[in-house]
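# Structure assessment
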Amino acid sequence: MSKVAGFVVRSSKFRHVFGKSVKKEEHYENVQSNASAPDSNLLDCSSKYFAVPWRGGGGPFVVWPLSKPGRLPQDVPLCTGHNGAVMDLHFSPFCDELVASGSDDTTTRIWKIPVGGLTEDMEEPQATLTGHHKKVILVRWNPVADSVLSTVSFDNTIKIWDAEKAAERSCFSDFTDAIQSFEWNYNGSRYATYCKDKVVRIIDPRNNKVTNQSTGHQGTKGARFSWLGDRPMFCTIGFSKQSERQIFFWDERDTSKSLSEVQIDIASGTLLPFFDSDTSLLYLAGKGDTNIRYFEIEDADPFQYYLAQFLGKDPQRGVGYVPKRGLDVLNCEITRFLRLSQTHIEPVSFSVPRKGDQFQSDIYPDTFAGRPSLKCEDWFKGANAAPMMMSMNPADGGTFRAVVKGSSQGVDMAAGGVPGGAA
């Protein structure tokens, strides 16, 4: 064990993970996104598409197939229903073609994209959610329950919706300052926020109560929150008073004091966290940076082990995370990001160097299956369930791991198996 640049380094099967940009011809060119949303990642991905705000009046955005790299057409089909700039986009975890958009016009809209992508402009969304009094800055689907959507607004409220019925089901407004970050936990039973008042709040959305809170970073710049999978831990990423970028690790059960504090560097861009619960790797991509750092997370002190970083050429304005179902497992790809720059989108692939073309089960545990474990109404009534999982082994195609009363069992969906809790 040794120290590199202030971080602890150790032996690990992910120690030699490396990131590399794909070939130039596999980039997405002629990207015309001039959006500015400090609290958003700007770019979001499903396993088949990416979505990004586009230049033009009325708040248009593009949904484009990942399978079509190259130069986007000048008259690319747009989603054009908003009356103000799009501030955030988020694909449904259960449907690659369903995307939510939050806008400066105070509304959230739900769009169902045709399979294969748009061939003409889409003006009418599937649903429009109204009720906020200021711009909607973040939209996030629940990771377990179907059609449960959260919206975060500059009016300092968070609303939870039944998106299928376009019905508001709850509203939390006990905030003293602007909300900068929002994240559902692993099983979608709680969410956490980080606000401009430097307070982290963990909230039970069905009782509308703060269950825990703590004071985070002392800097005045924006901060982010990230759960660390199903462990009772989370991290916050922010700034010190001296503008040092930091990671704080916390025990959810006792937030009176952080478990560990790591100083990263001195820079002005907000760090965007992406946690892969399958591998316990935490990726940090700074807005305006050219690099993506990654760490391995563990349950014991020092909680993080710095691995390495990807170094690109162009500064990133936003970053999107491609779901595991879209990865090349036979080439040991464990993560893929899309980096939004000024004029193009660059895919970056992270892989574990292995010989041969056989499936490597030790680096591919079961992953999120992209199917709901709960119906919307059951969730609102208080039901909880773990995410449904699936094997990443191509030889196991069609087999999902449905969670039933806390245990996992193989279910052959092709033979009519029903996800636990979603019958």
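Note that the structure is predicted; figures quoted are calculated from it, not measured. (Residues numbered from 1 in each chain as written. Predicted model: local features only at pLDDT ≥ 70, side-chain atom pairs only at ≥ 80, totals over all residues. Heavy atoms only, no water.)

## So, the pairing of strand β10 (residues 98-103)
Rules: Think of it in three bands: with a 1.4 Å probe and only protein chains considered, a residue is buried below 20% of the maximum accessible area for its type, exposed above 50%, and partly exposed in between. Secondary structure follows DSSP: runs of H or I at least 4 residues long count as helices, runs of E at least 2 residues long count as strands, and numbering of each begins at the N terminus. When DSSP finds two or more bridges between a pair of strands, those strands are recorded as paired.
Along β10, six of the six residues are buried, which leaves the element largely enclosed by surrounding structure. In β10, alternate side chains face the same way, and those of L98, A100 and G102 on one face and V99, S101 and S103 on the other are all buried. Where strand β9 (residues 86-91) lies against β10, five bridges are found, and the strand directions are antiparallel. Bridging across to β10, V86 finds its partner in S103. As consecutive antiparallel partners, β9 and β10 are separated by six residues. Relative to strand β11 (residues 108-112), β10 runs antiparallel, the two sharing five bridges. Looking at the pairing, A100 lines up with I110 of β11. Between the antiparallel neighbours β10 and β11 lie four residues, among them T106 with a positive phi of about 80°.

## Quick look at the confidence of the model for the protein chain
Spelled out, the test is: On a scale of 0 to 100, pLDDT captures the predictor's confidence in every residue. Residue contacts follow a heavy-atom distance rule, with two residues in contact if any of their heavy atoms lie within 4.5 Å.
When pLDDT is averaged along the protein chain, the result is 91, and 92% of the positions lie at 70 or above. For the stretch residues 404-423, pLDDT sits under 50, and the model shows 40 contacts to residues farther than four places along the chain or on other chains.

## Brief notes about the nonpolar core
For the record, the criterion: Note on terminology: a nonpolar core comprises buried Ala, Val, Leu, Ile, Met, Phe, Trp, Tyr and Cys residues joined through side-chain atoms within 4.5 Å.
Judged by nonpolar contacts, the single largest core of 24 residues is most densely connected at F14, Y283, I334, F350 and Y364. Those residues in contact with Y283 that lie beyond four places of it in its chain are L272, P273, F274, D276, I292, R293, Y294, I334, T335, F337 and F350.

## Things to note about the packing of aromatic side chains
Test applied: Working definition: rings of Phe, Tyr and Trp (its six-membered ring) pair if their centres are within 6.5 Å, and the pair is stacked with planes under 30 degrees apart, edge-to-face with planes over 60 apart, and tilted otherwise.
Inspection of the entire model under this criterion finds 25 aromatic pairs. Judged by centre distance (6.0 Å) and plane angle (70°), the ring pair of W227 and F234 falls under edge-to-face. Of the two residues examined, W227 and F234, each falls in the buried class. Measuring from ring centre to ring centre gives 5.2 Å for Y294 and F350, while their planes differ by 80°; the resulting arrangement is edge-to-face. Placement of the pair is Y294 in strand β27 (residues 291-297) and F350 in strand β31 (residues 345-351), with a sequence separation of 56 residues.

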